[in-house]
Amino acid sequence: MSHQTEHQQRSALKWIVDEIEKHHMPYQIAGGLAAIAHGGSRPLNDIDLYMPFSDARWPNFLADLEPYIVWGPETVTEGSWSLTYLKLSYRGQKVEIGDSAGLRLWDLHSSVWIEQIIDYRSSVSRVVFGCTIDVMPLDQLVSYKTLLGRNVDQMDIRELRPTTPSMQEAGR
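Rules behind the numbers
- Throughout, residues of each chain are indexed from 1 in the direction in which the sequence is written.
- In view of the model being predicted, local features appear only for residues whose pLDDT reaches at least 70, and side-chain atom pairs are presented and counted only at 80 or more, with totals across whole chains, interfaces and linings using the full set of residues.
- Where side-chain values are given, they derive from all heavy atoms of the structure, hydrogens and water being excluded.
- Helical segments are the DSSP runs of H or I of at least four residues, strand segments are the runs of E of at least two, and each set is numbered from the N terminus.
- Working definition: with a 1.4 Å probe on protein chains only, accessible area under 20% of the residue-type maximum means buried, over 50% means exposed, and in between means partly exposed.
- By the convention used here, residues are in contact when the closest approach between their heavy atoms is within 4.5 Å.
- Note on areas: these come from Shrake-Rupley sampling with a 1.4 Å probe, and a residue is covered only by the protein chains present in the view.
- In this tally, Asp and Glu contribute negative charge and Lys and Arg positive charge; neither His nor the terminal groups of the chain are included.
- Just so you know, the charge point we use is NZ for Lys, CZ for Arg, CG for Asp and CD for Glu.

Caption draft 1: Quick look at the overall build of the protein. Looking only at helices and strands, the protein has six helices and nine strands in total. Projected onto the principal axes, the alpha-carbon positions of the protein cover approximately 60 × 40 × 30 Å. Evaluated residue by residue, the protein yields a buried proportion of 47% over its 172 residues. Long-range contacts, defined here as pairs at least 24 residues apart, represent 60% of the contacts in the protein between residues at least 6 apart. Roughly 9200 Å² of accessible area belongs to the protein as shown, and the carbon and sulfur atoms make up 51% of that amount. Put simply, the protein has 16 plus and 22 minus side-chain charges, and the middle of one group is 5 Å from the middle of the other.

See below:
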């Protein structure tokens, strides 16, 4: 990871967390940043998080983000997701905020849409890039990434899932 990229990521994360805290909004970090927060090492592409767009504080929060919005919010069904979200760019770093209401993921294994519940109270606190953030719990993150099943998700799962000793090792 280049120093400039890490600097951009740190700056964008601090900025979005400061904005969220200023408006006292609940949120939960997901995706690659959540994987990093739980010990993953894959390079970060963007900062993904969920928030409740129906929260009474959302319109004022959204207004403060306006200069950085490059797309949305729009409701889409694309790839493995069906959700409402928006894309931001903060000093060159991509940030995507999804609405936790109506979030569905496509289960590659059973070929059905699975409704996802983002439980903000279950978030775990982690420090990443010098920022204390609310992160999707590890078991939920692994389930989430298992449903998505993309190569990057499989990489994260391999790093995050605790390895269980084989039967032979366990018998020693």
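Okay, back to it.
Caption draft 2: Local environment of the side chain of D55. Mapping D55 onto the fold places it in the loop between strand 2 (47–51) and helix 3 (58–65). Judged by relative accessible area, which is 15%, D55 ranks as buried. Among residues more than four places away in sequence, those in contact with D55 are M25 and P26.

Caption draft 3: Spatial organisation of helix 4 (residues 138–148). Among the residues of helix 4, L141, V142, Y144, K145, L147 and L148 are the ones counted as buried. Just downstream of helix 4 lies G149, where phi reads positive at about 65°.

Caption draft 4: Representation of unusual backbone geometry. The residue after G72, namely P73, is reached through a cis peptide bond having omega 5°. With respect to the helices, strands and loops of the structure, P73 is situated in strand 3 (residues 69–78). Look at H24: it is not a glycine, yet its phi comes out positive at around 55°. As for its position among the elements, H24 is in the loop between helix 1 (3–22) and strand 1 (28–30). By relative accessible area, which is 59% here, H24 ends up exposed. Positive phi values are uncommon outside glycine, yet S111 reaches one of about 55°. As for its placement among the helices and strands, S111 is situated in the loop between strand 6 (104–107) and strand 7 (112–115). Judged by relative accessible area, S111 falls into the partly exposed class, the value being 45%.

Caption draft 5: Geometry of the environment of G98. By the element assignment, G98 lies in strand 5 (residues 93–99). Residue classification places G98 among the buried positions, given a relative accessible area of 3%. Between the C-alpha atoms of G98 and D156, which are 58 residues apart in sequence, the distance is 20 Å. If we skip the residues at most four places from it in the chain, G98 touches L49, Y50, M51, F53, L83, T84 and Y85.

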